[in-house]
Amino acid sequence: MTAILGIDPGAAGGWVILGGEGGLVDLGRMDKLDEREHADLVAGWTVTFPSLFAYVERAQAFPRMGVAGAFNYGKGYGMWLGMLAAAGIGYETVPAAAWQKALGLSGAGGGRAKNPSGHKRALVEEARRRWPELPKHSGVCDASLIAEYGRRMRNGAEQRRAG
């Protein structure tokens, strides 16, 4: 079974690795490591998790994000795609709306458009309900849900191939 890496590439984002059954294997915050440390981490994953597959939240600017915020988000996104490609780790990019809809979280907390802070809070609560050991950090919690989305997509694809 493939280990799944979920990545929220924002400056305050995070990453989570789930095992095939959905158990939490590893996690981290974007703001705790520099680019070199992230690259070393990704290189190590190729040994520890030879069948690792990643799902990266697709970068896009949001209303009220600001120019600097959009630039930093894009920088993190590009950094992750480059590191994954260089390490030979397969990946897919997924829009936030797609993984949230697939997990039944589109309208959580009143929805992103109507209540952005309530929506973020609801995503953190859902992630921590599934994995109580997660830190109360929005980026890590989003990454865990992205990984769960990816795990379900991969499991569905494997079941279709076997059936």
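Residues numbered from 1 in each chain as written. Predicted model: local features only at pLDDT ≥ 70, side-chain atom pairs only at ≥ 80, totals over all residues. Heavy atoms only, no water.

### Points about the overall build of the protein chain
A tally of regular secondary structure across the protein chain gives 5 helices and 5 strands. For the protein chain, the α and β elements follow one another from N to C terminus as β-β-β-α-β-α-β-α-α-α. Contacts in the protein chain between residues at least 24 apart in sequence constitute 59% of all its contacts with a sequence separation of at least 6. Split by element, the accessible area of the protein chain, about 8,100 Å² in all, is 55% carbon and sulfur. (Helix = DSSP H or I, 4+ residues; strand = E, 2+ residues; numbered from the N terminus. Contact = heavy atoms within 4.5 Å. Areas by Shrake-Rupley, 256 points an atom, 1.4 Å probe, with all protein chains shown as cover.)

### A few points about the nonpolar core
Membership of the largest hydrophobic core comes to 22 residues, with the highest contact counts inside it found for Tyr55, Trp99, Leu103, Leu134, Leu145 and Tyr149. Secondary structure elements with two or more residues in this core: strand S2 (14-18), strand S4 (53-57), helix H3 (96-102), helix H4 (116-130) and helix H5 (138-162). Ranked by residue count, the leading element in this core is H5, at 7 residues. Setting aside its immediate chain neighbours within four residues, Leu134 contacts Leu24, Leu27, Ala127, Arg128, Val140, Cys141 and Ser144. Of all hydrophobic cores here, the second largest spans 19 residues; its members include Trp15, Met83, Leu84 and Ile89. (Core = buried A, V, L, I, M, F, W, Y, C linked by side-chain atoms within 4.5 Å. Buried < 20%, exposed > 50% of the residue type's maximum accessible area, 1.4 Å probe, protein only.)

### Let's talk about the sheet that holds strand S5 (residues 90-94)
The strands that make up a sheet are held in pairs by hydrogen bonds between backbone atoms, and each pair lies either parallel or antiparallel. With respect to topology, 5 strands assemble into an open sheet ordered S3-S2-S1-S4-S5, the strand pairing being mixed. Both outer strands of the open sheet, strand S3 (24-29) and S5, are each paired with one neighbouring strand and no more. Neighbour-to-neighbour, the strand axes of this sheet turn through a mean angle of 15°, independent of strand direction. Relative to S5, S4 is paired through 5 bridges, and the arrangement is parallel. From the neighbouring strand, Tyr55 faces S5, where its bridge partner is Glu92. (Pairing = 2+ DSSP bridges. Axes fitted to C-alpha atoms, helices over the stretch in contact; angles between N-to-C directions.)

### Describing helix H1 (residues 35-48)
Helix length check: H1 (14 residues) gives 20 Å between terminal C-alpha atoms against 20 Å at 1.5 Å per residue, within 8%. Within H1, burial applies to His38, Val42 and Trp45. Along the axis of H1, the buried positions cluster into a sector of 50°, meaning they face one direction only. More than 90 degrees from the buried face of H1, the exposed residues found are Arg36 and Val47. Where H1 starts, the residue carrying a side-chain oxygen 3.1 Å from the main-chain nitrogen of Arg36 turns out to be Asp34. (Expected span 1.5 Å × (residues − 1). Arc of directions from axis to C-beta. Polar contact = N/O pair within 3.5 Å; in protein donor to acceptor, adjacent residues only side chain to side chain.)

### Some points on the environment of Leu52
If you trace the backbone, Leu52 turns up in the loop between H1 and S4. Judged by its relative accessible area of 7%, Leu52 falls in the buried class. For Leu52 and Leu18, which are 34 residues apart along the polypeptide, the C-alpha to C-alpha distance reads 9.7 Å.

### Looking at the layout of surface pockets
If a probe as big as a water molecule is rolled over the atoms, it shows which places are left empty. In this model, the second largest pocket occupies a volume close to 200 Å³. As for the second largest pocket, its lining consists of 13 residues, of which Ala11, Met30, Glu35, Lys75 and Gly76 are closest to the centre. Looking at the lining of the second largest pocket, the elements that each hand over two or more residues are H1 and helix H2 (67-87). For the lining of the second largest pocket, the element with the most residues is H2, which contributes 4 residues. A class-by-class count of the residues in the lining of the second largest pocket yields 5 nonpolar, 4 polar and 4 charged. (1 Å grid on protein atoms, 1.4 Å probe; cavity = no way out; pocket = protein on both sides within 12 Å on 5 of 7 lines; lining within 4 Å. Points joined across faces, edges and corners; volume = space filled by probe spheres on them. Nonpolar A, V, L, I, M, F, W, Y, C, P; charged D, E, K, R; others polar.)

### A look at the pairing of S3
Side-chain direction in a regular strand flips from residue to residue, so the side chains alternate between the two faces of the sheet. Here 5 bridges tie S2 to S3, and the two strands are oriented antiparallel to one another. Opposite Ile17, over in S3, you have Asp26 as the bridge partner. Between S2 and S3, which pair antiparallel one after the other, the connecting turn spans 5 residues, and Gly22 there sits at a positive phi close to 95°.

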